[in-house]
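Residue strings, one per chain:
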2 protein chains.
Amino acid sequence: MDKIAVDAMGGDFAPLEIVKGAVLAVRDFHVPVVLVGDKEQIVKVLKDNHADQEPLIEICHASQVIGMGEHPGMAFRKKKDASVSVGAKLVKNGECGALVAPGSTGAAVTAGLLGMGRVDGIERPAILTPIPNRKDGYTFLIDSGASAQPKPETLLQNALMGYVYAKKVWHIENPRIGLLNIGEESTKGSPVVTEAYEWLSGQKVVPFAGNAEGRDIMSGEFDVIVTDGFTGNVVLKFGEGAASLFSALLKKSVEKGGLRAKLGAFLLKPALKKYLVKRLDYAEYGGAPLMGIKGGLIICHGASQARAIRNAIHMAKDFCEARVVDVIAEAVVQIEKEAGRLKED
Amino acid sequence: MDKIAVDAMGGDFAPLEIVKGAVLAVRDFHVPVVLVGDKEQIVKVLKDNHADQEPLIEICHASQVIGMGEHPGMAFRKKKDASVSVGAKLVKNGECGALVAPGSTGAAVTAGLLGMGRVDGIERPAILTPIPNRKDGYTFLIDSGASAQPKPETLLQNALMGYVYAKKVWHIENPRIGLLNIGEESTKGSPVVTEAYEWLSGQKVVPFAGNAEGRDIMSGEFDVIVTDGFTGNVVLKFGEGAASLFSALLKKSVEKGGLRAKLGAFLLKPALKKYLVKRLDYAEYGGAPLMGIKGGLIICHGASQARAIRNAIHMAKDFCEARVVDVIAEAVVQIEKEAGRLKED
């Protein structure tokens with residue numbers, strides 16, 4: 001089984017929650033983990049959690065950390081011994097199959113792109129984020145923020161990578177792939193999107209179910225929703241903002257609703273936690289894979305705690321076992337042939 | 001006072017709810033209204049609601065209706081006597097100051113664009129949608145779906161129109177105008193957005209507060225968020241989808257949570273309705289103005305009922321009283337001069 005590298009120094013609760021999450025993953029899934037970061041601090045947390053003798057846990061020392069506020073590209077070049085860079089190197093040289101990276105998304109994308117390199121033929125890596133949908137499952141939004149330059153080729157490749165992920169990692173037999181647009185008709189939308197629509201319709205590598213609209217990101221009508229990293233990032237952050245407004249209004253209702261509302265909230269709380277809060281919690285799946293690079297890289301929220309890290313490590317394990325990188329490398333040759341043919345038409 | 005034309009045949013609940021909404025508006029705000037549509041049906045609803053003798057209500061007969069499923073452009077050309085077109089004509093020829101249009105957004109935009117015409121100098125009209133924010137107010141998202149072709153010029157003009165609306169109609173003294181992007185730094189984002197950032201920073205007509213991110217659409221940190229109609233439309237529909245997922249999960253929690261959860265929900269419900277549901281209900285403000293055309297046009301949700309129509313008519317009244325069209329026409333001359341200067345740089 002591939003080892004999973006974990007950047008133990010990334011995110012708001014490093015190294016404590018990251019290391020705790022790794023210990024959970026090792027015990028629950030028997031997956032070998034390499035904790036990357038300050039050895040002394042990591043050992044201390046392991047000891048505190050009675051896991052310093054755990055045979056499936058290794059430590060790889062790294063003396064630097066890239067912070068949330070730093071410019072990812074510059075920090076990557078300057079801090080050669082940053083934990084996220086060292087983790088990417090472990091994947092690059094084959095010691096690990098994937099890296100789990102909490103903390104700065106920019107730093108993780110840079111480490112993946114420059115530290116591991118792109119899959120041949122893939123123009124731009126893309127972040128795939130699972131979004132909870134109304135059918136009790138997840139819809140994968142790709143790209144949710146790696147590349148802000150929308151081009152038809154990029155959208156075609158995003159569709160391909162989303163398809164591979166849905167099919168190989170989540171074992172969805174016939175994934176429905178939709179192109180995010182502002183209407184169902186093929187002629188709707190910006191020039192880039194209408195061109196991507198034509199390309200997607202004209203090829204046979206990825207099954208294409210047509211245009212999807214904003215509301216379909218959560219409707220469950222699609223398994224994969226393809227978009228550019230600008231729109232995807234806006235959607236994702238807007239979703240966070242909407243959840244936070246919703247939760248603020250919920251709190252306000254309880255506060256202003258008097259004793260009756262307070263009692264109601266007290267009674268309703270366990271069910272809300274179980275069926276609503278949990279369903280919307282990113283810790284349930286752990287992170288978002290960066291697709292299109294030569295290796296696994298699961299980007300985790302900066303606020304990730306142990307359970308999110310545990311689940312991200314599971315995601316990384318699945319990613320490796322499904323041989324996603326190889327499958328993408330094979331499929332991209334096919335789809336680029338078709339794209340070339342479509343371009344000539 | 002300007003008369004307000006109302007497309008009485010538009011939307012899912014026409015003419016009943018539209019006419020009832022107009023009656024409410026006339027009585028609450030003493031605004032003169034012209035109901036456009038099938039005279040016989042309108043008179044019947046007025047009689048049923050004891051409003052057929054209302055002196056502030058006129059009827060303008062129109063024999064056709066543009067349905068939700070029709071292609072807006074084609075339908076507009078073919079159905080010369082469609083209620084939405086006749087309503088636009090009333091504004092064009094000066095009989096009314098604004099049109100309230102429930103039903104197909106595409107048909108309303110087409111009627112505004114072709115039936116009323118653009119303000120000189122405005123390249124593309126834009127929909128301005130009020131989004132509830134965390135500071136108990138609204139943030140105006142412009143463009144939320146009129147034009148899918150993102151250009152720096154368009155974003156600059158959207159900023160201008162959003163500014164005029166916030167300042168003149170909502171009387172916000174120093175509106176904070178943000179450019180929707182994927183990071184706070186000026187160099188972030190797609191080429192169109194970085195260019196728009198430079199232009200916005202380089203001019204003095206519109207106060208520019210810098211980049212805003214997806215989460216700022218609801219954070220209340222900005223009064224106006226400027227974007228292209230593609231991103232704006234996706235955001236808006238995603239918001240609807242998120243609200244509907246949230247409400248589905250809330251229902252599920254109550255259903256699956258047993259007697260305790262049901263009792264809790266019963267107790268909490270009045271407070272939720274008052275502080276959460278009402279706050280997120282578009283009926284509270286009624287509709288979204290189409291900015292940049294020669295006249296007022298308030299686009300309403302297809303599912304609008306009486307209260308939404310009443311409030312949209314109030315919005316139309318405010319729009320007329322603030323002389324939005326004239327102010328935009330004056331300001332666009334200024335900003336185009338600055339844009340020309342910036343282009344030459």
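Residues numbered from 1 in each chain as written. Chains lettered and ligands numbered in written order. Predicted model: local features only at pLDDT ≥ 70, side-chain atom pairs only at ≥ 80, totals over all residues. Heavy atoms only, no water.

### Details of empty space enclosed by the protein
All names here are of chain B.
Phase 1: A full pass over the atoms with the stated rule returns one cavity of 30 Å³ or more.
Phase 2: In this structure, the largest cavity occupies an estimated 40 Å³ of space.
Phase 3: Lining the largest cavity are Pro125, Asp143, Ser147, Gln149, Pro150, Thr154, Asn158, Thr227, Asp228 and Gly229.
Phase 4: Split by residue class, the lining of the largest cavity holds two nonpolar, six polar and two charged. (1 Å grid on protein atoms, 1.4 Å probe; cavity = no way out; pocket = protein on both sides within 12 Å on 5 of 7 lines; lining within 4 Å. Points joined across faces, edges and corners; volume = space filled by probe spheres on them. Nonpolar A, V, L, I, M, F, W, Y, C, P; charged D, E, K, R; others polar.)

### Overview of the relation of the copies chain B and chain A
Phase 1: With an RMSD of 0.0 Å, the operation that places chain B on chain A is a rotation of 180° combined with a shift of 0.0 Å along the axis. Put plainly, the chains are arranged around a two-fold axis. By C-alpha distance to the rotation axis, the residue of chain B lying nearest is Gly264(B), at 1.9 Å.
Phase 2: Most of the interface of chain B is mirrored in chain A, where 100% of its interface residues again form contacts. (Least-squares fit on C-alpha atoms with pLDDT ≥ 70 in both. Contact = heavy atoms within 4.5 Å.)

### A short note on the sheet that holds strand S2 (residues 33-37) of chain B
Residue and element names in this part refer to chain B.
Phase 1: Taken together, the eleven strands give an open sheet; going across it, the order is S3-S2-S1-S4-S11-S10-S5-S6-S9-S7-S8, and neighbouring strands pair in mixed fashion. Strands at the two margins of the open sheet, each flanked by one partner only, are strand S3 (57-61) and strand S8 (211-212).
Phase 2: Direction of pairing for strand S1 (residues 4-7) relative to S2: parallel, over a ladder of four bridges. Each residue of the ladder has a partner; that of Ile4, found in S2, is Val33. (Pairing = 2+ DSSP bridges. Helix = DSSP H or I, 4+ residues; strand = E, 2+ residues; numbered from the N terminus.)

### Re the layout of surface pockets
Phase 1: Here the second largest pocket is characterised by a volume of approximately 290 Å³.
Phase 2: Considering the residues around the second largest pocket, the lining is formed by 16 residues, among which Pro150(A), Ser190(A), Asp228(A), Pro150(B) and Ser190(B) are closest to the centre.
Phase 3: Residue composition of the lining of the second largest pocket, by class: ten nonpolar, four polar and two charged.

### A word on unusual backbone geometry
Phase 1: At the junction of Ala14(A) and Pro15(A), the peptide bond is cis and its omega measures out at -5° in the coordinates.
Phase 2: Among the structural elements, Pro15(A) can be located in the loop between strand S1 (4-7) and helix H1 (16-29).
Phase 3: Omega for the bond connecting Ile142(B) with Asp143(B) falls within 30 degrees of zero, at 5°, which places this linkage in the cis form.
Phase 4: With respect to the element layout, Asp143(B) can be found in the loop between strand S6 (138-142) and helix H6 (152-169).
Phase 5: Non-glycine residue His50(A) carries a positive phi angle of around 55°.
Phase 6: Structurally, His50(A) can be placed in the loop between helix H2 (39-48) and strand S3 (57-61).
Phase 7: Of note in the backbone geometry, Asp136(B) takes a positive phi value of approximately 65° without being a glycine.
Phase 8: A relative accessible area of 52% means that Asp136(B) is categorised as exposed. (Buried < 20%, exposed > 50% of the residue type's maximum accessible area, 1.4 Å probe, protein only.)

### Focus: the interface of chain B and chain A
Phase 1: Contacts between the two partners involve 57 residues from chain B, matched on the other side by 57 residues from chain A.
Phase 2: Interface area, chain B with chain A, both sides summed: about 5,400 Å², of which 75% is carbon and sulfur.
Phase 3: Looking at the side of chain B facing chain A, the largest losses of area belong to Phe230(B), Phe238(B) and Phe246(B), adding up to 14% of the total buried there.
Phase 4: For the interface between chain B and chain A, the tally reads six salt bridges. (Buried area = accessible area lost by both parts, 1.4 Å probe. Salt bridge = Lys/Arg side-chain N within 4 Å of Asp/Glu carboxyl O.)

### Thoughts on the sheet that holds strand S6 (residues 138-142) of chain A
Residue and element names in this part refer to chain A.
Phase 1: Read across the sheet, eleven strands follow the order S3-S2-S1-S4-S11-S10-S5-S6-S9-S7-S8 without closing on themselves; strand pairing throughout is mixed. In the strand order of this sheet, the two ends are held by S3 and strand S8 (211-212), each with one partner.
Phase 2: In this structure, S1 lies alongside strand S4 (residues 98-102), joined through three bridges in parallel fashion. Bridging across to S4, Ile4 finds its partner in Ala98.
Phase 3: Lying on the sheet, helix H5 (residues 105-116) is in contact with S4, strand S5 (126-132), strand S10 (288-291) and strand S11 (296-300); it crosses S11 at an angle near 170°. (Axes fitted to C-alpha atoms, helices over the stretch in contact; angles between N-to-C directions.)

### Let's talk about the packing of aromatic side chains
Phase 1: Taken as a whole and assessed by the stated rule, the structure comprises 14 aromatic pairs over all chains.
Phase 2: Between the aromatic rings of Phe140(A) and Tyr165(A), the centroid separation amounts to 5.4 Å while the plane-to-plane angle is 90°, which identifies the pairing as edge-to-face. Placement of the pair is Phe140(A) in strand S6 and Tyr165(A) in helix H6 (residues 152-169), with a sequence separation of 25 residues.
Phase 3: For the ring pair Tyr138(B) and Trp170(B), a centre distance of 5.8 Å and an interplane angle of 70° mean the geometry is edge-to-face. In this pair, Tyr138(B) sits in strand S6 while Trp170(B) sits in the loop between H6 and strand S7 (177-180), placing the two residues 32 residues apart along the sequence.
Phase 4: Judged by its relative accessible area of 16%, Tyr138(B) falls in the buried class.
Phase 5: Put simply, the rings of Tyr138(A), Phe140(A), Tyr165(A), Trp170(A), Tyr285(A) and Phe319(A) pair up and form one aromatic cluster. (Phe/Tyr/Trp six-rings, centres within 6.5 Å; stacked < 30°, edge-to-face > 60°.)

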